[in-house]
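Inside the fold
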Protein chains: 2
Amino acid sequence: MRAGEIVSVKVTFKEISEICGVSLGTVDRAINNRPGIHPETRARILEVAKQLGYRPHLLARSLATGSTMTIGVVVPNLTNSFFSELAEVIQKGARRAGYYVYLMLSEYDSVEEMESLERLRSLNVDGIIMTSVNRGRSFDAYLTSLATPVVSVSNRISKRRAWVGIDDYSATRDAMRFVLSKGYERIIFVTENRGPGKVSNLYCDERRIRGYKDALQASALDAPPTVVSDDAMLAMLDSGGALDGKRTCIACSCDEVALNILNALRTRGIAVPAEVGLTGFDNLDQLEYVVPRLTTVAYPMERIGEEAFKSVLDEINGRAGGSRTLEHLIVEGETV
Amino acid sequence: MRAGEIVSVKVTFKEISEICGVSLGTVDRAINNRPGIHPETRARILEVAKQLGYRPHLLARSLATGSTMTIGVVVPNLTNSFFSELAEVIQKGARRAGYYVYLMLSEYDSVEEMESLERLRSLNVDGIIMTSVNRGRSFDAYLTSLATPVVSVSNRISKRRAWVGIDDYSATRDAMRFVLSKGYERIIFVTENRGPGKVSNLYCDERRIRGYKDALQASALDAPPTVVSDDAMLAMLDSGGALDGKRTCIACSCDEVALNILNALRTRGIAVPAEVGLTGFDNLDQLEYVVPRLTTVAYPMERIGEEAFKSVLDEINGRAGGSRTLEHLIVEGETV
DNA sequence: TTGTACGCGTTATCAA
DNA sequence: TTGATAACGCGTACAA
């Protein structure tokens, strides 16, 4: 074995201390750059540690210190790029601050989400950022019982819990007003059907639906608000119920749904926006590649990630995390 | 405090043992369902544990057992949905087997990738799956020094290391043959320029380039193989150098690049495939929303994730992980 | 069936 | 400047 060669044997403070003829405490002082050690001793120990390929045992360290420098991130999936963008942004921010990320997926399943939280808690993560599919007082109490800072993104869990997102209500209302200003006589609101056993009554869905309804009711339109699932919307298109003469716009609760509807419309030979209007929500990166450009609601994803991380970090350090509502913007595409 | 109420105080074997008037060993037998304990004792202990809201301390457990039931996943980013799809698939597979995922991003930076690996090693993950941006014998030796199973996906690291992917060479050659069969007289191959400081000579890029070159050289075409970066390709489009009369196809090393080129062509009013052909590689889910349908190379992402996980799992359990080459398929879209 | 004692690798406190 | 020792929470081998 040559000097400097990387070795695969597990080397701990113990081996180093024996070789150097010092105590564990001194090895610790050298490795972790603590004061109260002779420079020469430190140099000698560090040299040996390097030769042996010493690697700190983070589990042992965390057990001793109580801190893991890790935050948990729980999102429904990575398929919807809203979540993968969010996860990536949080990852980068965390890393800059010396933190790392444990990623868990809930699949829009409330039980899986709870299991994820249990595990993160058992792993002693320092904090958790989640787009929660659970919510309400009892869930909030449960989170509190974790004795770990938890901040939510997008889906508000309760009034008292730190939350970062946009004003979904106003954003949707603004979008609907924009649609109405274009002379549409009817707007159908489409939400995502996530399948059996999956959570459907998400906070941000509700806020968006309310924004839609209020915008409609405040308008001169006589057509009542209509909220349907994406499945139902497709069925309506097939039955011809969607286009009954009135100038109609299909407003989707998120881009993901809007893209699917756009495909369905294309398949059926229905022109957008000539025959029917379409709007989304999120302004996903992938919209860049979709023609026609979707009219949607944009907001700064990077800042959401940053603020969410800042918020957990505050709570980790004993300060109040606090909620932040970020600004939104209507992206005037070509589908309305 | 009511019975059954969730409590936030940290509760360990010690508290439970004191309350129940038994030893730590007995608490362990009850909690971890070990034999050699009186059913009544067990029931009593479990009841108390439940009341107190006991949660296992996974760090302590891992320190004692040496196993974390966690695998590390290192990918460049989550923006390219190839990676987010992969991460999600691995996540699900791991979870089904009782494993969890620690996610790290390398940003196509070889140093960041090494740091990620160091951390995963220090966290004592049981295994690692990565789309490596480093490679070669010395890197392979470094991985071996981690004393942790590492299998690579897509980018092969060395001949001896377990790897899961497709035959990039044949896949690209097949795609090029398909393009040639459509009467194209020239094919330009475009790779991704990941920016300064980022890795560019990836294994799969190289394999695809070779497949491209060999297909061209085996053809009747007199035009020499031309490999350029996406930046350079855009410049060529502006200078008009790309379309000089010959029937040309732009073959991209991945869908991500192809989509960007497609946008560029659209912006410049160049019709696809009428004026120029275009192919991608990966068959990303998001292609579903892009018109015209991109001609590309498809492969089963779920199976790649499954096989990769199966391979690490094998190595974790002391068996040889082994490499697997999965099948690919040319997706005949509308861009050639 | 139950209890004891040691080890996992590190940090932290107190003496020396 | 250094060393010894007790945590941290749990697993495990052995003894009772």
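As a reminder, the structure under discussion sits directly above these lines.
Residues numbered from 1 in each chain as written. Chains lettered and ligands numbered in written order. Predicted model: local features only at pLDDT ≥ 70, side-chain atom pairs only at ≥ 80, totals over all residues. Heavy atoms only, no water.

1. Here's the deal with the packing of aromatic side chains
Residues and elements named next belong to chain A. Inspection of the entire model under this criterion finds 19 aromatic pairs over all chains. Seen in terms of ring centroids, Phe83 and Tyr108 are 6.3 Å apart; in terms of plane orientation they differ by 70 degrees. Their pairing is edge-to-face. Placement of Phe83 in helix α5 (residues 81–96) and of Tyr108 in the loop between β2 (100–105) and α6 (110–122) is noted, with a sequence separation of 25 residues between them. Grouping residues by exposure puts Phe83 and Tyr108 together as buried. (Phe/Tyr/Trp six-rings, centres within 6.5 Å; stacked < 30°, edge-to-face > 60°. Helix = DSSP H or I, 4+ residues; strand = E, 2+ residues; numbered from the N terminus. Buried < 20%, exposed > 50% of the residue type's maximum accessible area, 1.4 Å probe, protein only.)

2. Some thoughts on the protein's contact with DNA strand C
The environment of DNA strand C is made up of 25 residues, and the closest members are A:Asp28, A:Asn32, A:Tyr54, B:Arg29 and B:Gly36. Among the atoms of DNA strand C close to the protein, meaning within 4 Å, 72% are from sugar or phosphate groups. At a separation of 3.2 Å, a phosphate oxygen of DNA strand C approaches a polar backbone atom of A:His57. Here a phosphate oxygen of DNA strand C and a backbone polar atom of B:His38 are 2.7 Å apart. Contributing elements (two or more residues each) for the surface near DNA strand C: α4 (58–65) of chain A together with α2 (24–31) and α4 (58–65) of chain B. With four residues, α4(A) is the single largest residue contributor to the surface near DNA strand C. Taken together, the residues of the surface near DNA strand C sort by class into nine nonpolar, eleven polar and five charged. (Near = heavy atom within 4 Å. Polar contact = N/O pair within 3.5 Å; in protein donor to acceptor, adjacent residues only side chain to side chain. Nonpolar A, V, L, I, M, F, W, Y, C, P; charged D, E, K, R; others polar.)

3. Quick notes on the sheet that holds strand β8 (residues 248–252) of chain A
Residues and elements named next belong to chain A. Pairing is parallel across the open sheet formed by four strands, whose spatial order is β7-β6-β8-β9. The open sheet has two edge strands with one neighbour each: β7 (226–229) and β9 (276–279). Pairs of neighbouring strands in the sheet enclose a mean axial angle of 25 degrees, with direction left out of account. Relative to β7, strand β6 (residues 186–191) is paired through four bridges, and the arrangement is parallel. What sits directly across from Val190, in β7, is Val228. (Pairing = 2+ DSSP bridges. Axes fitted to C-alpha atoms, helices over the stretch in contact; angles between N-to-C directions.)

4. A short note on the protein's contact with DNA strand D
Of all residues adjacent to DNA strand D, which total 23 residues, the nearest are A:Thr26, A:Arg29, A:His38, A:Thr41 and B:Tyr54. Contact distances for DNA strand D include 2.8 Å between a phosphate oxygen and a backbone N or O atom of A:Ser23. Here A:Arg29 contributes a side-chain N or O atom positioned 2.6 Å from a base nitrogen of DNA strand D. Every element with two or more residues in the surface near DNA strand D is listed here: α2 (24–31) and α4 of chain A together with α4 of chain B. No other element matches α4(B), which puts four residues into the surface near DNA strand D. Its residues placed into classes, the surface near DNA strand D shows nine nonpolar, ten polar and four charged.

5. Overview of the pattern of salt bridges
Residue and element names in this part refer to chain A. For the structure on display, the rule yields 42 salt bridges over all chains. Across the salt bridge formed by Asp168 and Arg208, the nearest N and O atoms sit 2.9 Å from each other. Of this pair, Asp168 sits in helix α8 (residues 168–181) while Arg208 sits in helix α9 (residues 203–217), and the two are 40 residues apart along the sequence. Assessed through its relative accessible area of 5%, Arg208 is described here as buried. (Salt bridge = Lys/Arg side-chain N within 4 Å of Asp/Glu carboxyl O.)

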